[in-house]
Amino acid sequence: MENATLKRSLGLWAIVGLGLGYMTPTIVFDTFGIVSKETNGVVPLAYITALIVMLFTAISYGKMVKVFPNAGSAYTYTRETMNPHLGFLVGWAALLDYLLLPMVNALIIRIYMVSVFPNVPAWIWVVTYVAAVTGINVWSMGKTSNMNTILVVFELVLIGAFLVLAVVQFSHGMGKGTVFTFDPLYHSNVRLSAVLTGATVVCFSFIGFDAVTMYAEEAKDPKIMPRAIMLTVFIGGAVFFIASYFAQALFPDVSHFKNTDDTLPEIGLYVGGTLFKLLFISGAFAATVASGLASHASVSRLLYVMGRNGVLPKRWFGYVHPKFRTPAWNVILVGLVSLLAITPSLELISSFINFGALIAFTFVNLSVIAFFVFRKKRYKTAKDVFSYLVMPLAGAGLTGVLWSNLQKDALIFGIIWSGIGFIYMAIQTKFFRKQVIDFQLDEAEKTSIL
């Protein structure tokens, strides 16, 4: 097992499917009420804004994954092109995303189950779900791209069914009464600041396109990685835009919804009745569970490597169960964190996640400049200046704009989290007198804990 390496078995569309599965396309309906309220009824415009920002960042990811094909992460890019200490802080910020993503899935499951069984206490669903996911991850979990493809296709079929039912409802006069309306994109009450705030929220939906870089070592041909990243962003963005456009035309405001924190169950009910609501929830439920299993496993592995390499206390975080060969203590720790999904709102937790994600996206763009302009001196032609300076600088700037529009609570929590990381790094490096320890996950480590 120590000498095992990952098999290069994934083609282009398998990798794109994995990226889309991580993004969970049905999330557009979960956050619809939150974003519609935030933007005053222009959710598709918020998605377009976020997509533009993500495209700049995706292009930068594509450039960096060519340079570092075996380590696709903002942490590694920043570490290798700028400074190891800065790279650690970027990785620490990204760690916040990984820790909270399993909680988000638990929170969404809670909302789904409460919508179907309103008389059952919400905490029961969270505890049951977290216990099941934690148990599976401790015991071991086999995941294949084929299973992921089935789940993604199931989601897309349900979204297609929603679009068909929406057209039927338009013909009956629901919402705007027509799909050909400009109101979901612009009306007199639209404010730029509100759109930017909404775009910050929906950036949460795009988290996952960057996870495609994790499969660089398993791609049949590493050269397909930049294309896989762009396809994931374009396809995911198109699904988000089309679905949100139809939903916004059906529901111009949030007055129809009893629960704006997660509107997917009610959207299914109003568009297709009780049967479609159950189908809609079942598809989203399956996708959320799959995403929850993957995110739970991923962060447990990251914590394991940090423990194994001495970044975190090795005795606890570097522990591998002798029988199950899984980082059991880390899995349980993530499960305990996920139990916090009993009370918070999806809007608040997603904004916390976006803090780390937007910082990571900003530094991916800056890494392009640091590597190609300052290290490789690629600034002697207009093409190079545009590709390696103007484009990533625009991406970093646009991401920074979204970052500045985060909720106040998310900013405060994110700053506190980053401060803890800074203090921890200072202690680890004896106040910067020695090099920060690397916590990169190599091929052998990945395989040994699958």
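Residues numbered from 1 in each chain as written. Predicted model: local features only at pLDDT ≥ 70, side-chain atom pairs only at ≥ 80, totals over all residues. Heavy atoms only, no water.

(A) Representation of the overall build of the chain in the model. In terms of regular secondary structure, the chain is built from 17 helices and zero strands. Taking all 450 residues of the chain together, the buried fraction comes to 57%. Considering only contacts in the chain between residues 6 or more positions apart, those separated by 24 or more positions represent 83%. With an accessible surface of roughly 18800 Å², the chain has 67% of that area assigned to carbon and sulfur atoms. (Helix = DSSP H or I, 4+ residues; strand = E, 2+ residues; numbered from the N terminus. Buried < 20%, exposed > 50% of the residue type's maximum accessible area, 1.4 Å probe, protein only. Contact = heavy atoms within 4.5 Å. Areas by Shrake-Rupley, 256 points an atom, 1.4 Å probe, with all protein chains shown as cover.)

(B) Representation of unusual backbone geometry in the model. Phi at Lys377 is positive, roughly 60 degrees, even though this residue is not glycine. In this fold, Lys377 is placed in the loop between α14 (346-375) and α15 (382-404). Phi at Lys430 is positive, roughly 50 degrees, even though this residue is not glycine. Mapped onto the fold, Lys430 is located in the loop between α16 (408-428) and α17 (443-448).

(C) Main features of helix α5 (residues 74-81). With seven of eight residues buried, α5 is to be regarded as a mostly interior element. Within the span of α5, buried status applies to Ala74, Tyr75, Thr76, Tyr77, Thr78, Arg79 and Thr81. Those residues of α5 that are buried are in contact with α4 (43-67), α6 (84-116) and α14.

(D) Local environment of the packing of α5 against α14. Packing of α5 against α14 brings their axes to within 9 Å, and their N-to-C directions diverge by 30 degrees. Note that α5 runs across α14; the crossing there is left-handed. Seen from α5, the contacting residues are Ala74, Tyr77, Thr78, Glu80 and Thr81; seen from α14, they are Ala360, Phe363, Val364, Ser367, Ala370, Phe371 and Arg375. Residues of the contact of α5 with α14, tallied by class, amount to seven nonpolar, three polar and two charged. (Axes fitted to C-alpha atoms, helices over the stretch in contact; angles between N-to-C directions. Left-handed = near helix turned anticlockwise from the far one by under 90°. Nonpolar A, V, L, I, M, F, W, Y, C, P; charged D, E, K, R; others polar.)

(E) Summary view of empty space enclosed by the protein. Scanning the entire structure with this criterion turns up three cavities of 30 Å³ or more. By volume, the largest cavity is sized at about 160 Å³. Along the wall of the largest cavity there are 14 residues; nearest its centre are Tyr22, Thr24, Leu101, Phe204 and Ser291. Listing elements by their share of the lining of the largest cavity, those giving two or more residues are α1 (12-23), α6, α9 (192-206) and α11 (264-308). (1 Å grid on protein atoms, 1.4 Å probe; cavity = no way out; pocket = protein on both sides within 12 Å on 5 of 7 lines; lining within 4 Å. Points joined across faces, edges and corners; volume = space filled by probe spheres on them.)

(F) Seen up close, the side chain of Thr26. Mapped onto the elements, Thr26 comes out in the loop between α1 and α2 (27-30). Excluding anything up to four places from it in sequence, Thr26 contacts Glu155, Ile159, Leu264, Ala284 and Ala287.

(G) Structural detail: the pattern of salt bridges. For the structure on display, the rule yields three salt bridges. The closest approach of N and O atoms between Glu80 and Arg79, which form a salt bridge, is 3.9 Å. On the accessibility criterion, Arg79 (14% relative accessible area) is buried. In this structure, Asp384 engages Arg378 in a salt bridge whose closest nitrogen and oxygen atoms are separated by 3.5 Å. With relative accessibility at 15%, the residue Asp384 sits in the buried group. Assessed through its relative accessible area of 32%, Arg378 is described here as partly exposed. (Salt bridge = Lys/Arg side-chain N within 4 Å of Asp/Glu carboxyl O.)

(H) Focus on the nonpolar core. By size, the foremost hydrophobic cluster in this structure holds 129 residues, and its most contacted members are Phe29, Leu95, Phe162, Phe206, Phe209 and Ile267. Considering each element in turn, this core owes the most residues, 18 residues, to α6. Apart from the residues within four sequence positions on either side, Phe162 is in contact with Phe29, Ala243, Phe246, Ala247, Leu250, Ile267, Val271, Phe276 and Phe280. (Core = buried A, V, L, I, M, F, W, Y, C linked by side-chain atoms within 4.5 Å.)

(I) Region of interest: the environment of Thr343. Structurally, Thr343 can be placed in the loop between α13 (328-338) and α14. Classification of Thr343 by relative accessible area gives exposed; the value is 68%. In sequence terms Thr343 and Ala122 are 221 residues apart; their C-alpha atoms lie 8.8 Å from each other.

(J) Main features of the packing of aromatic side chains. One pass over the structure, following the stated rule, counts 28 aromatic pairs. Plain terms: the ring middles of Phe352 and Phe413 are 4.6 Å apart, the flat faces sit at 25 degrees to each other, and that makes the pair stacked. Of the two residues, Phe352 is situated in helix α14 and Phe413 in helix α16; the sequence distance between them amounts to 61 residues. Under the relative-accessibility criterion, Phe352 is labelled buried at 11%. (Phe/Tyr/Trp six-rings, centres within 6.5 Å; stacked < 30°, edge-to-face > 60°.)

(K) The arrangement of the environment of Ser350 in detail. As for its placement among the helices and strands, Ser350 is situated in helix α14. The exposure class of Ser350 is buried, given its relative accessible area of 1%. Considering only alpha carbons, one finds Ser350 and Leu100, 250 residues apart in sequence, at a separation of 8.4 Å. Not counting residues within four places of it along the chain, the set of residues in contact with Ser350 comprises Val201 and Phe204.

(L) Quick peek at the side chain of Thr288. Assignment of secondary structure puts Thr288 in helix α11. We classify Thr288 as buried; its relative accessible area is 2%. Not counting residues within four places of it along the chain, the set of residues in contact with Thr288 comprises Asn105, Ile108, Ile109, Tyr112 and Tyr129.

(M) Just the confidence of the model for the chain, in detail. The predicted model of the chain has a mean per-residue pLDDT of 84, with 90% of residues at 70 or higher. Segment residues 1-6: pLDDT under 50, and 15 contacts once partners within four positions in sequence are set aside and those in other chains are kept. In this model residues 442-450 is a low-confidence stretch, pLDDT under 50, and it forms 31 contacts with partners more than four residues away in sequence or in other chains. (pLDDT = per-residue confidence, 0-100.)

(N) A look at the layout of surface pockets. One number sums up the size of the second largest pocket: a volume of about 220 Å³. Surrounding the second largest pocket, Ile111, Val114, Ser115, Lys258, Asn259, Asp262, Pro265, Glu266, Leu269, Tyr270 and Lys277 form its lining. Class assignment of the residues belonging to the lining of the second largest pocket gives a composition of five nonpolar, two polar and four charged.

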